[in-house]
Every structure is written in structure tokens, then in C-alpha cells.
Amino acid sequence: MVIIGVILLVLVLGAVAAVLVSRIAVPGTPDAVTTTSAEPLPGGPLSPADVQRLRFDVALRGYRTEQVDAALERLVAELGERDAEIARLREERDVLDVDGGPRVGGTP
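Counting of residues starts from 1 at the beginning of each chain's written sequence and follows it residue by residue. Given that this is a predicted model, residues contribute local features only at a pLDDT of at least 70 and side-chain atom pairs are listed and counted only at 80 or more, while totals for whole chains, interfaces and linings are drawn from all residues. Computation of side-chain values: all heavy atoms of the structure, hydrogens and water removed.

A. Up close: the overall build of the protein chain. Secondary structure elements follow DSSP: runs of H or I no shorter than four residues count as helices, runs of E no shorter than two count as strands, and numbering proceeds from the N terminus. The helix and strand tally for the protein chain stands at three helices and two strands. Residues classed as buried in the protein chain amount to 7% of the 108 residues present. Once local pairs closer than 6 in sequence are excluded, the contacts in the protein chain between residues at least 24 apart make up 39%. Here, Shrake-Rupley sampling with a 1.4 Å probe gives the accessible areas, and only protein chains in the shown set may cover a residue. Looking at the protein chain as shown, the accessible area adds up to about 9,400 Å², and 66% of this sits on carbon and sulfur atoms. Each residue gets one of three labels from its accessible area relative to the maximum for its type: buried under 20%, exposed over 50%, partly exposed in between, using a 1.4 Å probe on protein chains only. In this description, contact between two residues means that some pair of their heavy atoms is separated by no more than 4.5 Å.

Encoded structure:
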């Protein structure tokens, strides 16, 4: 009977210690994540500020995979579109250079 009492006492003290430790601010650690759901990336072209504001919900072993995957797919698509537009504009510039047309934007 004494052993069961000792085990229960250790468990209760451990639970109290865990609660107290979780409430203490530890220097160098970020603030706790809120329990609100993460907001997806806004529609339309993304700005650097949109990506900097991006946050994910925390799951058992890290971030929620589906939220991270969706954000990465969106970023990959948008970066691909921007790269294609840059390539198209560079091609137009090169065609104008070859044809002796006017230069737009100065030096390459």
C-alpha cells in the first residue's frame, strides 16, 4: 500500500512540476503559438511581406504537413510564373538587340 502511495505522490509532483515549468518564460525561446488556425496565403501575386507573415499550426511533431505543402505548392507555382515571365522579357530584349531596335531599360 505504501508503494502505491509513493508512486501516486511522484506522479502528482511530476504533473505539478510539468505545469510550473510550462508556465515559466525561458530566455531565447519564441512565444507560444496561438491556437487559432493558420491563414492561407492571400490570393493574387505574393509579396515578400506575405511570405514573412506566413505561419502554420503546430502539430504533434512539428507543423501541419498539409498547410506547409499547400504553401510550398503555391510558392513553387508563383515562382515558376515569374521565372517564365522573366525569360520571356529577356527573350524579347534579345530580339530587339539583334534587330537593332531601341533598347528599353538601359544596360542588360
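Having seen it, we continue.
B. Looking closely at the side chain of Glu 78. Relative to the helices and strands, Glu 78 resides in helix α3 (residues 65–99). A polar contact of 2.6 Å, which involves the side chain of Glu 78, links it to the backbone nitrogen of Leu 46. In this structure, Glu 78 is in contact with Gly 44, Pro 45 and Leu 46, ignoring residues within four places of it in sequence. The term polar contact refers here to a pair of N or O atoms within 3.5 Å; inside protein, the definition further demands a hydrogen-donor-capable atom paired with an acceptor-capable atom, and it admits residues adjacent in sequence only when both atoms are side-chain atoms.

C. Structural detail: the nonpolar core. If you look at the biggest cluster of nonpolar residues, it comprises five residues: Leu 41, Leu 46, Leu 54, Phe 56 and Ala 71. Here Ala 71 is in contact with Leu 41, Leu 54 and Phe 56, once residues within four sequence places are set aside. Side-chain atoms within 4.5 Å are what join buried Ala, Val, Leu, Ile, Met, Phe, Trp, Tyr and Cys residues into a set we call a nonpolar core.

D. Just the confidence of the model for the protein chain, in detail. Confidence of the prediction at every residue is given by pLDDT, a number between 0 and 100. For the protein chain, the average pLDDT comes to 80, and 80% of its residues sit at 70 or higher. Between the elements of the protein chain, mean pLDDT differs from a low of 74, seen in strand β1 (residues 58–59), to a high of 88, seen in α3.

E. Here's a closer look at the environment of Val 68. Here Val 68 shows up in helix α3. The spacing of Val 68 and Pro 40 is 28 residues in sequence and 9.7 Å in space, taken between C-alpha atoms. Sequence-distant contacts of Val 68, defined by excluding residues within four places in its chain, comprise Phe 56 and Tyr 63.

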